[in-house]
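# Architecture at a glance
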Amino acid sequence: SQTIHQWPATLVQPVGSPLSLECTVEGTSNPNLYWYRQAAGRGLQLLFYSVGIGQISSEVPQNLSASRPQDRQFILSSKKLLLSDSGFYLCAWRGRQNTGELFFGEGSRLTVL
Amino acid sequence: GESVGLHLPTLSVQEGDNSIINCAYSNSASDYFIWYKQESGKGPQFIIDIRSNMDKRQGQRVTVLLNKTVKHLSLQIAATQPGDSAVYFCAYRGGATNKLIFGTGTLLAVQP
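## Some details on the interface of chain A and chain B
Counting residues at the interface gives 19 residues for chain A, matched by 18 residues for chain B. Of the roughly 1500 Å² buried between chain A and chain B, counting both surfaces, carbon and sulfur atoms make up 50%. If you sort the residues of chain A by the area they bury against chain B, Leu44, Glu101 and Phe104 of chain A come out on top, with a joint share of 27%. Here chain A and chain B share zero salt bridges between them. Taken together, chain A and chain B are joined by three residue pairs in polar contact (both at pLDDT 80 or more). Sorting the residues of the side of chain A that touches chain B by element identifies strand 4 (32–38), strand 5 (44–52) and strand 9 (87–94) of chain A as the ones contributing at least two each. Across the side of chain A that touches chain B, the residue classes break down as eight nonpolar, six polar and five charged.

## Observations regarding the nonpolar core
One finds Phe33, Trp35, Leu73, Leu75, Tyr88 and Leu108 of chain B to be the most contacted residues of the largest nonpolar core, which totals 21 residues. Of all the secondary-structure elements, those providing two or more residues to this core are strand 2 (10–14), strand 3 (19–25), strand 4 (32–38), strand 5 (45–51), strand 7 (62–67), strand 8 (72–77), strand 9 (86–93) and strand 11 (106–111) of chain B. In terms of residues, this core owes the most to one element, strand 9 of chain B, which gives four residues. Excluding residues that lie within four positions of it along the chain, leucine 73 of chain B makes contacts with Ile21, Asn22, Cys23, Phe33, Trp35, Ile50, Val64, Leu65, Leu66 and Cys90 of chain B. By size, the runner-up hydrophobic cluster in this structure holds 20 residues, among which are Leu11, Ala66, Leu76 and Tyr89 of chain A.

## Observations concerning the state of the cysteines
Within this structure, the stated rule accounts for two disulfides over all chains. Cysteine 23 of chain A shares a disulfide with cysteine 91 of chain A; S-S distance 2.0 Å. Measuring handedness by torsion sign, the sulfur bridge of cysteine 23 of chain A and cysteine 91 of chain A sits at about -75° and is left-handed. With cysteine 23 of chain A in strand 3 (residues 19–26) and cysteine 91 of chain A in strand 9, this residue pair connects regions lying 68 residues apart in the sequence. Across the pair, exposure class does not vary: cysteine 23 of chain A and cysteine 91 of chain A are buried alike. Between the sulfur atoms of cysteine 23 of chain B and its disulfide partner cysteine 90 of chain B the distance amounts to 1.8 Å. Residues cysteine 23 of chain B and cysteine 90 of chain B share a disulfide whose torsion about the S-S bond is about 50°; that sign makes it right-handed. Taken together, the residues span a long stretch of sequence, with cysteine 23 of chain B in strand 3 and cysteine 90 of chain B in strand 9 at a distance of 67 residues.

## Comments concerning the packing of aromatic side chains
Inspection of every chain in the model, using the stated rule, returns 13 aromatic pairs over all chains. Look at tyrosine 36 of chain A and phenylalanine 104 of chain A: their rings are 5.7 Å apart centre to centre, the planes differ by 55°, and that puts the pair in the tilted class. With tyrosine 36 of chain A in strand 4 and phenylalanine 104 of chain A in strand 10 (residues 103–104), the pair connects residues that are 68 residues apart, well separated along the chain. Residue tyrosine 36 of chain A shares its accessibility class with phenylalanine 104 of chain A, and that shared class is buried. Measuring from centroid to centroid gives 6.5 Å for phenylalanine 33 of chain B and tyrosine 92 of chain B, while their planes differ by 35°, and the two rings are tilted. Taken together, the residues span a long stretch of sequence, with phenylalanine 33 of chain B in strand 4 and tyrosine 92 of chain B in strand 9 at a distance of 59 residues. Judged by relative accessible area, which is 1%, tyrosine 92 of chain B ranks as buried. One aromatic cluster is present, formed by Tyr34, Tyr36, Tyr49 and Phe104 of chain A together with Tyr36, Phe46 and Phe102 of chain B through successive ring pairs.

## A look at the pattern of salt bridges
Residue and element names in this part refer to chain B. Taken as a whole and assessed by the stated rule, the structure comprises seven salt bridges over all chains. Among the ionic pairs, lysine 42 bridges to glutamate 39, the shortest N-O distance being 3.6 Å. Judged by its relative accessible area of 26%, glutamate 39 is partly exposed. The closest approach of N and O atoms between arginine 61 and aspartate 84, which form a salt bridge, is 2.9 Å. Taken together, the residues arginine 61 in the loop between strand 6 (56–58) and strand 7 and aspartate 84 in the loop between strand 8 and strand 9 connect sequence positions 23 residues apart. Arginine 61 gets classed as partly exposed once you look at its relative accessible area, which sits at 32%.

The rules behind the values
- Residues numbered from 1 in each chain as written.
- Chains lettered and ligands numbered in written order.
- Predicted model: local features only at pLDDT ≥ 70, side-chain atom pairs only at ≥ 80, totals over all residues.
- Heavy atoms only, no water.
- Contact = heavy atoms within 4.5 Å.
- Buried area = accessible area lost by both parts, 1.4 Å probe.
- Salt bridge = Lys/Arg side-chain N within 4 Å of Asp/Glu carboxyl O.
- Polar contact = N/O pair within 3.5 Å; in protein donor to acceptor, adjacent residues only side chain to side chain.
- Helix = DSSP H or I, 4+ residues; strand = E, 2+ residues; numbered from the N terminus.
- Nonpolar A, V, L, I, M, F, W, Y, C, P; charged D, E, K, R; others polar.
- Core = buried A, V, L, I, M, F, W, Y, C linked by side-chain atoms within 4.5 Å.
- Buried < 20%, exposed > 50% of the residue type's maximum accessible area, 1.4 Å probe, protein only.
- Disulfide = S-S within 2.5 Å.
- Phe/Tyr/Trp six-rings, centres within 6.5 Å; stacked < 30°, edge-to-face > 60°.

Structure follows, in structure tokens:
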């Protein structure tokens, strides 16, 4: 069966520090991968998606970047965090057969102080 | 721009009652809709989906209704239980991009 893992689950970082959130998917090949951000009490905002290794599409201009160094690995990064980067970050995958349903990880809660 | 909105941000129901969560969408070209449940501090979990060639689909204690004429989607939960307390999101696949667009969510609070 397919599983998706995110880490770290919780992160507290000072303003100006770097960020790296990792996501890996197991049990599937060549998935579409997504990073979403969820502000407190709000909906999900799509940040990045990837259809293959090294292929990244950005949805909104921001202080973050994403990379896909391996087929089932998706990384969200920042060189210098801002207060506004605080939020709940969710990684998700969808299979190539494209049923439409996204499978989400458990999320990473980032607090920037 | 495209959007998916919810009529009620918070819904409070008594245990055992039926719950109805509503959602309006703006893209008439959307062909696929999903409801997700998100418990506090966790990632969203798939509940039920429906394609645009259907107007109703039933699962275990849940029913999704789609009215394409007025671009409205609803999730009905029968015999609501405390474990149903969560934020519920509707989402739709928007046109040619094939990406899912999410609404802002409705908090369902089940009172014992």
